[in-house]
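# Tertiary structure, described
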Amino acid sequence: MTMDKSQLPKNTGSNNNTPQECAGCGKIITERYLLKALDMYWHEDCLKCGCCDCRLGEVGSTLFTKANLILCRRDYLRLFGHTGYCSACSKVIPAFEMVMRARNNVYHLECFACQQCNHRFCVGDRFYLCENKILCEYDYEERMVFANMAYNPPNIAQLKRHTSHIPKENQMLDPVVVTRD
Ligand SMILES: [Zn+2]
Ligand SMILES: [Zn+2]
Ligand SMILES: [Zn+2]
Ligand SMILES: [Zn+2]
């Protein structure tokens, strides 16, 4: 991601007598204060975000430019920034979209469901991250049982034991509690 970033300098008192033309409206700046940004001069009122029209003239504020647009930080991130890639569908998650997080993974809200049975989680629900897949408690336990059977094919007696009691060594994953950003 390329980010053209210009730090606004302090308002420059026009000590020099050469009148400057405003890059926004094209008129001569006669006010005592003018702004310098992107190597051009601006009326305080003319340096605005091209998207939300907010004034960018606050001393020390940061503006962003992209494709001839001047944008405030919020709009820049909204339009061009992104949070990362959804661990479920692998698509980009735009910045400022609500996301779910599990360990180092981020998910679209609508993608955050058990990848086995599509169960949606509510805040406070427990889920498991197993081989980087989200699983509900039920599917996680199922998987553990099957993993154990594959590893060590059971006779009927063992199978009975496995379904009612999951061996300790397969419970290494801690449940993760759903939180919201
Ligand atoms: Zn102007
Ligand atoms: Zn804006
Ligand atoms: Zn997704
Ligand atoms: Zn499930």
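Whatever comes next refers back to the structure up there.
Our subject in this report is the structure included herewith. If you're wondering where the values come from, they're calculated on a predicted model, not measured in any experiment. (Residues numbered from 1 in each chain as written. Chains lettered and ligands numbered in written order. Predicted model: local features only at pLDDT ≥ 70, side-chain atom pairs only at ≥ 80, totals over all residues. Heavy atoms only, no water.)

## Side note on the nonpolar core
Ala102, Tyr107, Phe112, Phe121, Phe127, Ile134 and Tyr140 are the most contacted members of the largest nonpolar core, which has 20 residues in total. Listed by contribution, the elements that provide at least two residues to this core are β11 (99–102), β12 (105–108), β13 (126–130), β14 (133–136) and α2 (137–151). Sort the elements by how many residues they give to this core and β13 lands first, with four residues. Counting 13 residues, the second-largest nonpolar core is a separate cluster that includes Leu56, Leu63, Phe64 and Leu77. (Core = buried A, V, L, I, M, F, W, Y, C linked by side-chain atoms within 4.5 Å. Buried < 20%, exposed > 50% of the residue type's maximum accessible area, 1.4 Å probe, protein only. Helix = DSSP H or I, 4+ residues; strand = E, 2+ residues; numbered from the N terminus.)

## What about the coordination of the zinc ion (ligand 4)?
For the zinc ion (ligand 4), the full set of protein donor atoms is Cys114 (SG), Cys117 (SG), Cys136 (SG) and Asp139 (OD), and the range of their distances to it is 1.8 to 2.3 Å. Because the angles between the four donor atoms bound to the zinc ion (ligand 4) fall within 100 to 119°, the donor set is best described as tetrahedral. One chain supplies every donor for the zinc ion (ligand 4), spaced along it as C-x2-C-x18-C-x2-D. Placement of Cys114 in the loop between β12 and β13 and of Asp139 in helix α2 is noted, with a sequence separation of 25 residues between them. For the pair Cys114 and Asp139, a shared accessibility class is recorded, and that class is buried. (Donors = N, O, S within 2.8 Å, 3.2 Å for Na, K, Ca; no water. Tetrahedral: all angles 85-135°; square planar, octahedral: opposite > 155°, others 65-115°.)

## Looking at the pairing of strand β7 (residues 62–66)
Sheet topology places β7 next to strand β8 (residues 69–72); four bridges connect them, and they run antiparallel. What sits directly across from Leu63, in β8, is Cys72. Linking β7 to β8, which pair antiparallel, is a turn of two residues; within it Ala67 sits at a positive phi near 45°. (Pairing = 2+ DSSP bridges.)

## Section: the pattern of salt bridges
Summed over the entire model, instances satisfying the criterion amount to four salt bridges. Note that Asp39 is salt-bridged to Lys36, the shortest N-O span being 4.0 Å. Residue Lys36 is classed as partly exposed on the basis of its relative accessible area of 31%. Here Arg126 makes a salt bridge to Glu137, at a shortest N to O gap of 2.4 Å. With a gap of 11 residues between them, Arg126 in strand β13 and Glu137 in helix α2 connect regions that are remote in the sequence. On the basis of relative accessibility, which here comes to 39%, the residue Arg126 falls in the partly exposed class. (Salt bridge = Lys/Arg side-chain N within 4 Å of Asp/Glu carboxyl O.)

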